[in-house]
Amino acid sequence: DVLEFQTYHYPVPLLHGLVRLVAGDSEAARPHLEEAVSELEQSLDEAPDDPRLLAALGLARAGLGDRGRAIEAAEAAVAALPIERDALDGPVYVLALARTRAMLGDLDAAVDALGTYLGHLGYWSIPGILAQPEFEALADHPRLAELEAVSEEWMERVGVLAIR
């Protein structure tokens, strides 16, 4: 019922809802996302500082268009495991914040978060990030070239070939 790992916790209803959003059917997504919110809030009662749950809640609320509460949850995930405390997994939650912001149309804030993510050796390159549906609106963002430069510098430093 849950796809989970060290850095993510996605209840199946969240995945169903996100797939329906990507397919352009927000009405079909709504009941799944509402169910995901309910499940995640219930899980947060037992583990209120779990960044995986908070990040997933941010995505579910963003899918429902619940702007304030989506951002609050995504920012709480970043605060629960800040980069300063965990340089490996902390950036994952900054990326989740960027994804939440992008889903809500807050493109400048999404780019700011991506800059932070990439500045801390995030796992993904800009081409990999932009291939994700939530980020397609960033393709024409004026600061994208700056992020691409940071991404390419990182990939060069670690010897990764960019796949475009």
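Now for a look at the structure at hand. (Residues numbered from 1 in each chain as written. Predicted model: local features only at pLDDT ≥ 70, side-chain atom pairs only at ≥ 80, totals over all residues. Heavy atoms only, no water.)

### Some remarks on the overall build of the protein chain
- Within the protein chain, the regular secondary structure consists of 8 helices and 2 strands.
- Along the protein chain, helices and strands appear, N-terminal first, in the series β-β-α-α-α-α-α-α-α-α.
- Judged by the C-alpha coordinates and their principal axes, the protein chain covers about 45 × 35 × 25 Å.
- Counting over 164 residues, the protein chain shows a buried share of 45%.
- Roughly 8600 Å² of accessible area belongs to the protein chain as shown, and the carbon and sulfur atoms make up 53% of that amount.
- If the 12 positive side-chain charges of the protein chain are averaged to one point and the 29 negative ones to another, these points end up 2 Å apart. (Helix = DSSP H or I, 4+ residues; strand = E, 2+ residues; numbered from the N terminus. Buried < 20%, exposed > 50% of the residue type's maximum accessible area, 1.4 Å probe, protein only. Areas by Shrake-Rupley, 256 points an atom, 1.4 Å probe, with all protein chains shown as cover. Lys, Arg positive; Asp, Glu negative; His and termini not counted. Charge placed at Lys NZ, Arg CZ, Asp CG, Glu CD.)

### Section: the pattern of salt bridges
- The tally for this structure, following the rule as stated, stands at 12 salt bridges.
- Here Arg101 makes a salt bridge to Asp106, at a shortest N to O gap of 3.1 Å. (Salt bridge = Lys/Arg side-chain N within 4 Å of Asp/Glu carboxyl O.)

### Here's the deal with helix H5 (residues 90-103)
- With 14 residues, H5 extends 21 Å between its outermost C-alpha atoms, agreeing within 8% with the 20 Å of an ideal straight helix rising 1.5 Å per residue.
- Across the 14 residues that make up H5, a large majority, 13, are buried.
- Following H5 by one or two positions, Gly105 has its phi on the positive side, about 85°. (Expected span 1.5 Å × (residues − 1).)

These results come straight from atomic positions and should not be treated as a statement about function.
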